[in-house]
Amino acid sequence: MSAPDIFYVEDDTDFAFIMQHAIQEVKNDLSVSVMGNGKDALDALNELSSERVRPRLIMLDLNLPGMSGHELLKKIREIPFLKSVPVVFFSTSDNPKDVRASLEFGANAYLTKPSGYLNLVSCLSSLHDFWFTKHVSVN
Amino acid sequence: MNNYQVDLTNCDKEPIHIPGKVQSHGFLVAVDAKTFDITYISQNIAEFIDGDAKNWLGKNIKDLEPVLLPNAPTTQLSQLLNLGAGNKNFDSVNPFNVELNGEAYYIVLTPSGSNIILEFEPTDSDLSLDVQKAIGRSVSEILTGKNLTAILKNAAKEIKKIIQYDRVMIYRFNEDEHGEVVAEVKNDDLEPFMGLHYPASDIPKQARQLYKLNLTRIIADVNTDASPIITFEEGQPLDLTHSVLRAVSPIHIQYLKNMGVGSSFSISLMAHGELWGLVACHNYSPRFINYKAREAAKLVGQILSSALEYRQDEEDTEQLNILNAAAGEISTRLKTDITIAEALTKGKTTVKDITMSAGVAVILDGAITTIGQTPDQEQIKEVAIWLQSNMADSIYYTHRFPEIFGPAKAYSENASGILACALSKDLSELIIWFKPEQITSISWAGNPEKPAEPCEDGIMQLSPRKSFETWEQIVKNTSSRWTNEEVTTVVKIREEVIYAVNRRANEIKLLNERLQLAYEELDTFSYTISHDLRTPLSSVKSYSEFLLATNKSLDDQAKSILGKIVGGADKMNMLIKEILNYSRVGRADIAFDKIAMTAMVSEITKEVISALKSENLQLKIGDTPNIYGDRTMIMQVFTNLINNAVKYSSKSNPSIVEISGKVDGQETVYSISDNGVGIDVNYFSRVFELFKRMDNVQDYEGTGVGLAIVKRIIEKHQARIWFESKLGVGTIFYISFKNL
């Protein structure tokens, strides 16, 4: 089994659809795996780590059903094999309080979802540049 | 005999019941009540029998009798004495007819300690009419009076008819025992004493005591000398309280002489066991009326007394009812929805009418409302300030305010009496009732006295005018007293006012709470809606853009349509963002900080210029003094205002926008002006309303929320915003912040 490049937790299926296509547009050989809630996400991540594979980037929405994005982050950080995987929050909220809380919980970055497909593509492009090319050593 | 010297300084200590003298129109013999031995005798008995009065002291009445009354049956006097002693009073005996030296005399027996007094006085008087019949008619006349004043007038009239003195007055004793002439009937040629007031000291205490026990007094002739009573009992003067011949105080005699009065007669008027007043009769020449006539007059007095009691009580109750009715009406008004001030001061009945005051001031919510006769506003404020420091309870009253608070002497005319009631704990809300100085409400029309020889002890100057002046001095700076009824009514009304205030305050509190809840609900609602609207909107835009970017089978029209969809979604998004902002202002807590305005204005202008891409813009930034406020919110305010200024003047060439601030006393005022499209004066009232956009700005982008947000933030900062504008010329917005 192999891990996806990007592991994305998002409950909005519309947005998830757009995301997947936008990621393809940025680099069409990136693989994306989408989970709709924290529990499923954890199960999947645990399975991956037991197989000794991990994604190159985890992206989380803040507002998830059941377990919140922050709780999920905490639990992810408890998985030793995934310790080095960068976790980026991707949320509609631009509230500074949410930003600070996310970083305190241990997120590597916090991004506000841009509006529209075109903006999303350019945002993901920067993200890809940063995490996938320029800082390969971090991985 | 006593050697007590009396003058004006000690006349209230003069023991008038033991003068040791009798008036000389009759004579007196006093016997021991058990032995009938003669213990006291007046010297002038010598006019009726030969020999010195002294010789009779110690002898028995039985011995005197045959000498005094040779034609009467023997032991008649002793029998009289026995009869009276047996009955324990002499009412059935008095007066007893005898003949003395061929003249008709009455004997009047009265008790005096362990003695019995026999007084001999003439029967003769010029009253020829049948006194009893006259009284019967009089009494019915008197009692027809519809009110107190009428009864008193009628009584004076009838009494004058019966006893025919030159002047008959009725005195009433007021609070503090001052006297007042409340009714008068007199001969035409005499000056009026009606309305005269005199101090309590004019009729000293011991006189009043005596008048309660002996209901009539006569002074037959001021110019005769009184006759001394002689006795072997040294140091034990005879008590003449019940005597009919008692000699009166020389001071009183002088007073009458000063007035030119030759004789006087007075009757006590009692009510509730106390001396209500007197019927005082003066004659300008000596006059004597006999025992029967005096008793008849006394009877009239007694009947008058009971009528007075009844009518006085009636009038007091009526007075109380009027006060209570007024209080009831005020109370009813307080229970309705009109303001407290209105309930107390508007309408036919006002809070003034619950007391017998001349005026009232109501101090509520910082405003002073006056009704009737009161001091002026500044003086009332002065009184209120004094009350705040000196009122220990919620009610304070005095009838001599200028004596207590010196500065009030300047307006003693209006405020000699005050009754204050506090409505709030800090005593800043008051009702003050005012009573005028007694003197100003009373004036006496009497004539000036005739000049008299000045004398050191002042006795020569005794006169009604002097009495009035003395009384005036005593009552200076005083008003009539506040009655228990008035104070009770005020206490009641105070409770009602406080209750009404609380009720209104509670209602307001409830309203505020409800309003607060509604605001919070609305804010939560706005926030939630906006938030929940943005997600699907985002999808619309994203999907549309996705199609545009990736679908190769779209023709030009399809692309154009998709473009419009995206445009629509963008606009909606902007509106939702603004609404979100607006509702956030409502929910946010304000964090006060010093704001470096120079930096902020510079930052904002840079952003606005780049966002709006304005050409031909001349921007002038003047002084930018720092202000205190919430950084985020203030930034929002200036962003919106500067944005508007640049946006709406973008069609002007050149567009001129000026921003400057100025410290002005307690405030800092900023102005943002532009030379743009301006605001139609008809819309001035709607400028800050949510979603309202003017007709003249349809070409300009905008959500109609920006100024509403600005206003909300300004309100949260307790600052002020206003503007000046002219269509087609330009607009200036001003905001003023309080300096900390």
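Our subject is the structure listed above.
Residues numbered from 1 in each chain as written. Chains lettered and ligands numbered in written order. Predicted model: local features only at pLDDT ≥ 70, side-chain atom pairs only at ≥ 80, totals over all residues. Heavy atoms only, no water.

Quick look at the overall build of chain A now. On a plain count of helices and strands, chain A comes out with 5 helices and 5 strands. If you list the helices and strands of chain A from N to C, you get β-α-β-α-β-α-β-α-β-α. Every one of the 139 residues in chain A was classed for burial, and the buried ones make up 47%. Intrachain contacts of chain A at a sequence separation of at least 6 include 70% that bridge at least 24 residues. Carbon and sulfur atoms form 50% of the exposed surface of chain A, whose accessible area is close to 6700 Å². (Helix = DSSP H or I, 4+ residues; strand = E, 2+ residues; numbered from the N terminus. Buried < 20%, exposed > 50% of the residue type's maximum accessible area, 1.4 Å probe, protein only. Contact = heavy atoms within 4.5 Å. Areas by Shrake-Rupley, 256 points an atom, 1.4 Å probe, with all protein chains shown as cover.)

Next up on the list: the overall build of chain B. What chain B contains, in helices and strands, is 18 helices and 25 strands. Among the 740 residues that make up chain B, the fraction classed as buried is 49%. Contacts in chain B between residues at least 24 apart in sequence constitute 66% of all its contacts with a sequence separation of at least 6. A total of about 36900 Å² of accessible surface is found on chain B, and carbon and sulfur atoms cover 51% of it.

Residues and elements named next belong to chain B. Read from one edge of the open sheet, 5 strands run E20-E22-E23-E25-E24, paired in mixed fashion. A strand with exactly one partner marks an edge of an open sheet, and here the two such strands are strand E20 (617-621) and strand E24 (720-726). Averaged over neighbouring strand pairs, the angle between their axes works out to 10 degrees when direction is ignored. Note that strand E23 (residues 667-674) and strand E25 (residues 730-738) share 8 bridges and pair antiparallel. The residue bridging serine 673 from the neighbouring strand is isoleucine 732, located in E25. Those strands touched by helix H16 (residues 597-612) are E20, strand E22 (655-664) and E23, and its axis lies near 170 degrees from that of E20. (Pairing = 2+ DSSP bridges. Axes fitted to C-alpha atoms, helices over the stretch in contact; angles between N-to-C directions.)

Because each turn of an α-helix spans 3.6 residues, side chains separated by three or four positions end up pointing in the same direction. Residues and elements named next belong to chain B. Spanning 16 residues, H16 covers 22 Å between terminal C-alpha atoms, matching the ideal 22 Å at 1.5 Å per step. Residues Met597, Met600, Val601, Ile604, Thr605 and Val608 constitute the buried set of H16. All buried residues of H16 lie within an arc of 125 degrees about the axis, which places them on one face of the element. The exposed set on the far side of H16, more than 90 degrees from its buried face, consists of Lys606 and Ser610. Close packing links the buried residues of H16 with strand E19 (592-595), E20, strand E21 (627-630), helix H17 (631-648), E22 and E23. Directly after H16, the chain includes lysine 613, whose backbone phi takes a positive value near 50 degrees. (Expected span 1.5 Å × (residues − 1). Arc of directions from axis to C-beta.)

At the junction of the two partners, chain A supplies 14 residues and chain B supplies 12 residues. Buried surface at the junction of chain A and chain B, summed over both partners, amounts to about 1200 Å²; 57% is from carbon and sulfur atoms. In this structure, the connection of chain A to chain B is made through 0 salt bridges. Across the chain A-chain B interface, the total number found is 3 residue pairs in polar contact (both at pLDDT 80 or more). At the level of elements, helix H1 (13-26) and helix H5 (117-134) of chain A are the ones that each hand at least two residues to the side of chain A that touches chain B. Per-element accounting of the side of chain A that touches chain B gives the leading share, 5 residues, to H1 of chain A. For the side of chain A that touches chain B, the per-class residue count stands at 4 nonpolar, 6 polar and 4 charged. (Buried area = accessible area lost by both parts, 1.4 Å probe. Salt bridge = Lys/Arg side-chain N within 4 Å of Asp/Glu carboxyl O. Polar contact = N/O pair within 3.5 Å; in protein donor to acceptor, adjacent residues only side chain to side chain. Nonpolar A, V, L, I, M, F, W, Y, C, P; charged D, E, K, R; others polar.)

Moving on, we come to the nonpolar core. Residues and elements named next belong to chain B. With 43 residues, the main nonpolar core has Met597, Phe638, Phe733 and Ile735 as its most contacted residues. Looking at this core, the elements with two or more residues in it are helix H15 (556-587), H16, H17, E22, E23, helix H18 (706-716), E24 and E25. Per-element tally for this core: the top contributor is H17, with 10 residues. Excluding residues within four positions of it along the chain, phenylalanine 733 makes contact with Leu641, Tyr670, Ser671, Ile672, Ile679, Val687, Phe688, Leu707, Ile721, Trp722 and Phe723. In this structure, Leu152, Tyr165, Ile170 and Ala297 belong to the second largest nonpolar core, which totals 35 residues. (Core = buried A, V, L, I, M, F, W, Y, C linked by side-chain atoms within 4.5 Å.)

Residue and element names in this part refer to chain B. Take serine 264: it is sitting in strand E12 (residues 263-271). Judged by relative accessible area, which is 8%, serine 264 ranks as buried. If we ignore the near neighbours within four places in the chain, the residues touching serine 264 are Tyr165, Arg217, Ile218, Ile219, His252, Leu256, Cys281 and His282.

In the structure shown here, the tally under the stated rule is 21 salt bridges over all chains. A salt bridge links lysine 27 of chain A to aspartate 29 of chain A; the nearest nitrogen and oxygen atoms lie 3.4 Å apart. Close ionic contact of glutamate 314 of chain B with arginine 311 of chain B constitutes a salt bridge, the shortest N to O distance being 3.3 Å. Placement of both glutamate 314 of chain B and arginine 311 of chain B in helix H7 (residues 291-334) is noted, with a separation of 3 residues, approximately one turn of the helix. Here glutamate 314 of chain B falls in the partly exposed class, since its relative accessible area comes to 32%. Judged by its relative accessible area of 17%, arginine 311 of chain B is buried.

Taken together, the side chains of Leu522, Phe525, Ile529 and Leu533 of chain B present a nonpolar region at the surface, about 370 Å² in accessible area. Secondary-structure assignment places phenylalanine 525 of chain B in helix H14 (residues 484-550). (Patch = residues over 30% accessible without salt bridge, like charges linked within 9 Å, V, L, I, M, F, W, Y side chains within 5 Å.)

Turning to the packing of helix H4 (residues 148-163) of chain B against H7 of chain B, a few remarks are in order. Residues and elements named next belong to chain B. At a minimum axis distance of 10 Å, the contact between H4 and H7 shows a crossing angle of 175 degrees. Overall, the two elements H4 and H7 adopt an arrangement that is roughly antiparallel. Of H7, the residues touching H4 (which contributes Leu148, Ile151, Leu152, Ala155, Ile159, Ile162 and Ile163) are Ala297, Val300, Leu304, Leu308, Arg311, Gln312 and Glu315. Its residues assigned to classes, the contact of H4 with H7 comprises 11 nonpolar, 1 polar and 2 charged. (Parallel < 35°, antiparallel > 145°, perpendicular 65-115°, else oblique.)

Attention now moves to the packing of aromatic side chains. All names here are of chain B. For the structure on display, the rule yields 23 aromatic pairs over all chains. The interplanar angle of 65 degrees and the centroid separation of 5.7 Å between the aromatic rings of tryptophan 386 and tyrosine 396 together place this pair among those described as edge-to-face. Of this pair, tryptophan 386 sits in helix H9 (residues 377-390) while tyrosine 396 is found in strand E16 (residues 395-398), placing the two residues 10 residues apart along the sequence. Like tryptophan 386, the residue tyrosine 396 is buried in the burial classification. Aromatic side chains phenylalanine 688 and phenylalanine 723 sit 6.1 Å apart centroid to centroid with 65 degrees between the ring planes, which places their arrangement in the edge-to-face category. Linking phenylalanine 688 in the loop between E23 and H18 with phenylalanine 723 in strand E24, this pair joins segments that are 35 residues apart in sequence. (Phe/Tyr/Trp six-rings, centres within 6.5 Å; stacked < 30°, edge-to-face > 60°.)

So, about the sheet that holds strand E18 (residues 430-435) of chain B. Residue and element names in this part refer to chain B. Taken in spatial order, the 5 strands of this open sheet run E15-E14-E18-E17-E16, and their pairing is antiparallel. In this open sheet, the two edge strands, each paired with only one partner strand, are strand E15 (367-372) and E16. Between one strand axis and the next, the sheet turns by 10 degrees as a mean value, whatever way the strands run. Direction of pairing for strand E14 (residues 359-364) relative to E15: antiparallel, over a ladder of 6 bridges.

Turning to unusual backbone geometry, a few remarks are in order. Both trends apply: most residues other than glycine have a negative phi, and most peptide bonds are in trans. Residue and element names in this part refer to chain B. In the segment running from asparagine 94 into proline 95, the intervening peptide bond is cis, with an omega of -15 degrees. Tracing the chain through its elements places proline 95 in the loop between helix H2 (76-87) and strand E4 (96-100). Note that the residue after asparagine 653, namely proline 654, is joined by a cis bond; omega there is 5 degrees. Residue position: proline 654 is located in the loop between H17 and E22.

All names here are of chain B. Taking burial as the measure, the 6 residues of E14 include 6 buried ones, the bulk of the element. The turn joining E14 and E15, which pair antiparallel and follow one another in sequence, is formed by 2 residues; a positive phi near 55 degrees is taken by aspartate 365. As paired elements, E14 and E18 share 5 bridges and run antiparallel to each other. Paired with valine 362 across the two strands is isoleucine 431, which belongs to E18.

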